[in-house]
Amino acid sequence: MSTPAEVVETDTGTITRYRRHPLGRGLVASGATVDPTAHIERTAYVEPGAIVGRGAWIGATAWIDRDATIGAAAVVGANVHVGQNAHVGHGARVGGHSRIGANARIGNGANVPGDSQIDAFADLPGPGDIPA
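A few points on the structure.

The rules behind each value
- Residues numbered from 1 in each chain as written.
- Predicted model: local features only at pLDDT ≥ 70, side-chain atom pairs only at ≥ 80, totals over all residues.
- Heavy atoms only, no water.
- Helix = DSSP H or I, 4+ residues; strand = E, 2+ residues; numbered from the N terminus.
- Buried < 20%, exposed > 50% of the residue type's maximum accessible area, 1.4 Å probe, protein only.
- Contact = heavy atoms within 4.5 Å.
- Pairing = 2+ DSSP bridges.
- Phe/Tyr/Trp six-rings, centres within 6.5 Å; stacked < 30°, edge-to-face > 60°.

1. Description of the environment of Arg-25
Thought 1: The residue Arg-25 is located in the loop between β2 (15–20) and β3 (27–29) in this model.
Thought 2: Relative accessible area serves as the criterion here: at 39%, Arg-25 is assigned to the partly exposed category.
Thought 3: Along the chain, Arg-25 and Ala-44 lie 19 residues apart, while their C-alpha atoms are 8.7 Å from each other.
Thought 4: Aside from chain neighbours lying at most four places away, what touches Arg-25 is Arg-20, Ile-40, Glu-41 and Arg-42.

Take a look at the structure:
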């Protein structure tokens, strides 16, 4: 038996199909890749092309935008927007009500406090990053 799909249509007429993720029951778009061990809260969205790694946790009302990547064991708090093509590294923590801009990079093990605004294309290294 297949997982029931939910359909969302935007104001511009774009239709996206979502399925409920087994852990947390959050909405995962067709074309997104979410590890089965990740937890997606019921009111969270993961958009097409996004990748959510092993053991990651996505909070309530969080929105993981198109082609964003959430690393293994990363934690994205409630009501966080991770912008298009943004990257949140392995083990990073993003506090609630934060906004991560498009193409921004949050490094491995980095800690973004709640209510933060990370600009598009910003690079926030973490302690788990290897220096160049």
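2. Notes on the sheet that holds strand β6 (residues 45–46)
Thought 1: One open sheet accounts for eight strands, arranged β1-β2-β3-β6-β9-β12-β15-β18; its pairing is mixed. Whereas interior strands pair on both sides, the edge strands pair on one side only; in this sheet they are β1 (5–9) and β18 (117–118).
Thought 2: When strand β9 (residues 63–64) meets strand β12 (residues 81–82), the two strands line up parallel, connected through two bridges. By the bridge assignment for β12, Trp-63 is matched with His-81.

3. Re unusual backbone geometry
Thought 1: Unlike most non-glycine residues, Arg-25 shows phi in positive territory, near 70°.
Thought 2: Phi is positive for His-97, close to 65°, though the residue is something other than glycine.
Thought 3: In this structure, His-97 sits in the loop between β14 (93–94) and β15 (99–100).
Thought 4: Given the relative accessible area of 45%, His-97 is considered partly exposed.

4. Structural notes on the sheet that holds strand β16 (residues 105–106)
Thought 1: With parallel pairing, the six strands of this open sheet are ordered in space as β4-β7-β10-β13-β16-β19. Of all the strands in the sheet, just β4 (33–34) and β19 (123–124) have a single pairing partner and so form its edges.
Thought 2: The pairing of β4 with strand β7 (residues 51–52) spans two bridges and is parallel. Residue pairing across strands places Val-34 opposite Val-52, the latter belonging to β7.

5. Let's talk about the packing of aromatic side chains
Thought 1: Summed over the entire model, instances satisfying the criterion amount to one aromatic pair.
Thought 2: Between the aromatic rings of Tyr-18 and Tyr-45, the centroid separation amounts to 5.2 Å while the plane-to-plane angle is 85°, which identifies the pairing as edge-to-face. Placement of the pair is Tyr-18 in strand β2 and Tyr-45 in strand β6, with a sequence separation of 27 residues.
Thought 3: Under the relative-accessibility criterion, Tyr-18 is labelled buried at 5%.

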